[in-house]
Structures are given as C-alpha cells and as structure tokens.
Amino acid sequence: MAIVWWLILSVVFIYLVDLFTIKPHVISGNGNLGLLFVVPALAFFIMFVRRLWIYLGTLKFKSNIWMKIGWGAFIILLLLSILEYKLAIDLINDLGGTPSIASSKIYRYPWLNQYTNTLFINFYTLGIMATGTSILSIFIRKNP
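Residues numbered from 1 in each chain as written. Predicted model: local features only at pLDDT ≥ 70, side-chain atom pairs only at ≥ 80, totals over all residues. Heavy atoms only, no water.

Chemist: I'd like to hear about the pattern of salt bridges, residue by residue, with values.
Modeler: Considering all chains together, one arrives at 2 salt bridges under this definition. A salt bridge links lysine 23 to aspartate 18, with the nearest nitrogen and oxygen atoms 3.4 Å apart. (Salt bridge = Lys/Arg side-chain N within 4 Å of Asp/Glu carboxyl O.)

Chemist: Run through the side chain of glutamate 84, naming residues and quoting values.
Modeler: Tracing the backbone through its elements, the reader meets glutamate 84 in helix H3 (residues 63-94). Buried and unpaired, glutamate 84 has lysine 86 as its nearest opposite-charge partner, separated by 12 Å. Setting aside its immediate chain neighbours within four residues, glutamate 84 contacts Leu119, Asn122, Tyr124, Thr125 and Ile128. (Helix = DSSP H or I, 4+ residues; strand = E, 2+ residues; numbered from the N terminus. Buried < 20%, exposed > 50% of the residue type's maximum accessible area, 1.4 Å probe, protein only. Lys, Arg positive; Asp, Glu negative; His and termini not counted. Contact = heavy atoms within 4.5 Å.)

Chemist: Got a sec to walk through the environment of threonine 21? Specific residues and values, please.
Modeler: Of note, threonine 21 is situated in the loop between helix H1 (2-20) and helix H2 (35-58). Judged by its relative accessible area of 4%, threonine 21 is buried. A sequence separation of 10 residues divides threonine 21 from glycine 31, and the C-alpha atoms of the two residues are 10.0 Å apart. Discounting chain neighbours no more than four positions away, the residues touching threonine 21 are Gln114, Tyr115, Thr116, Asn117 and Thr118. At 2.5 Å, the side chain of threonine 21 and the backbone oxygen of valine 17 are in polar contact. A polar side-chain atom of threonine 21 sits 3.3 Å from a polar atom in the side chain of asparagine 117. (Polar contact = N/O pair within 3.5 Å; in protein donor to acceptor, adjacent residues only side chain to side chain.)

Chemist: Talk me through the layout of surface pockets; I want residue IDs and the actual numbers.
Modeler: Of the volumes computed, that of the largest pocket is approximately 220 Å³. Forming the walls of the largest pocket are 14 residues, and the residues nearest its centre are Asp18, Lys23, Leu87, Leu91 and Thr118. Every element with two or more residues in the lining of the largest pocket is listed here: H3 and helix H5 (123-140). In terms of residue count, H3 provides more of the lining of the largest pocket than any other element does, 4 residues in total. The class makeup of the residues in the lining of the largest pocket is 7 nonpolar, 3 polar and 4 charged. (1 Å grid on protein atoms, 1.4 Å probe; cavity = no way out; pocket = protein on both sides within 12 Å on 5 of 7 lines; lining within 4 Å. Points joined across faces, edges and corners; volume = space filled by probe spheres on them. Nonpolar A, V, L, I, M, F, W, Y, C, P; charged D, E, K, R; others polar.)

Chemist: An account of H3 is requested, with residue identities and associated values reported.
Modeler: Side chains three or four residues apart in an α-helix point the same way, a direct result of the helix having 3.6 residues per turn. Across its 32 residues, H3 extends 46 Å between first and last C-alpha, which sits within 8% of the 46 Å expected from 1.5 Å per residue. Within H3, the full set of buried residues consists of Trp66, Gly70, Ala73, Leu77, Leu80, Glu84, Ala88, Leu91 and Ile92. If you follow the buried residues of H3, they end up packed against H2, helix H4 (117-120) and H5. Among the residues trailing H3, glycine 96 stands out with phi positive, at a value near 90°. (Expected span 1.5 Å × (residues − 1).)

Chemist: Go over the nonpolar core with me, naming the residues and quoting the values.
Modeler: With 15 residues, the main nonpolar core has Val17 and Ile121 as its most contacted residues. Broken down by secondary-structure element, the contributors of at least two residues to this core are H1, H2 and H5. With 9 residues, the top contributor of residues to this core is H2. Contact partners of isoleucine 121, with chain neighbours within four places excluded, come to Ile14, Val17, Val38, Ala41, Leu42 and Phe45. Counting residues in hydrophobic clusters, the runner-up holds 7 residues, among them Leu95, Ile106, Tyr115 and Leu119. (Core = buried A, V, L, I, M, F, W, Y, C linked by side-chain atoms within 4.5 Å.)

Following this line, the structure appears as structure tokens:
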C-alpha cells in the first residue's frame, strides 16, 4: 500500500513543479518557485521506485512471464525516453535556445531554472525511473 502513497505524492509534486514553472512565453522576475518542489518530488520519486523494487522482489512468475514483463518495460522505457527528448527539444526551442545562446531566455542560467524545472520532474521521468527499476529488478535478481 505504501507504493500507492509514494506514487500519489510523486504525481502531486509533478503537478506542483509544473504549476510553479514559468511557461516559455512569460517573462519572470520572481525567481524559481518551482525549485521548492523539485527536491521533494525527486525524493518521492526515489521512495516510489524503492517500494516498486521491493514489490517486484515479492512477485513469483514463470520465466516466460518475466521475459514478457521485461520486454514490455523496455519498450515503454524507449517510448518514454523519446517523449522526454521531444519535450526537452521543444522547450529549448520555445526558450530560444540553450543557456549558452545570448538570444535565449535562459542565457547564462543554469540548466535547472524557473523555465526548465519540468525537464527534470515530469511524468516521463517518473515513468523512466519506474520502467528502469523494473528492468533492473528482472536482470539483477535473475527472475527469468
């Protein structure tokens, strides 16, 4: 049951990070309020995948089922990685480029800033962590 609470807290903090991250079309001078939620969100992500790891260790399936779960997790991991990459490229384009480009909204900012918090804390990164944990659990524990 703890896994469900960690997942719910992770989703709530994804929402809070998104809510307090400045959209690319807005000019902000208020600092990085979203950063207040990035660290707790990351902690909740870690607690969620920790509980997922423990839960996966309790499951007993035949090796062919574990292989199907592993392949399914791998395909989902690839899909989420592609979507995360697209999200990053689109956001960087909307901001006018990377922090090294003088015409960019984030020129001379660190990569984690009031416009880019959602690059690091979002549903794709949570899914990447969960599917990665599933794949590692299968191969490290040699369940198949």
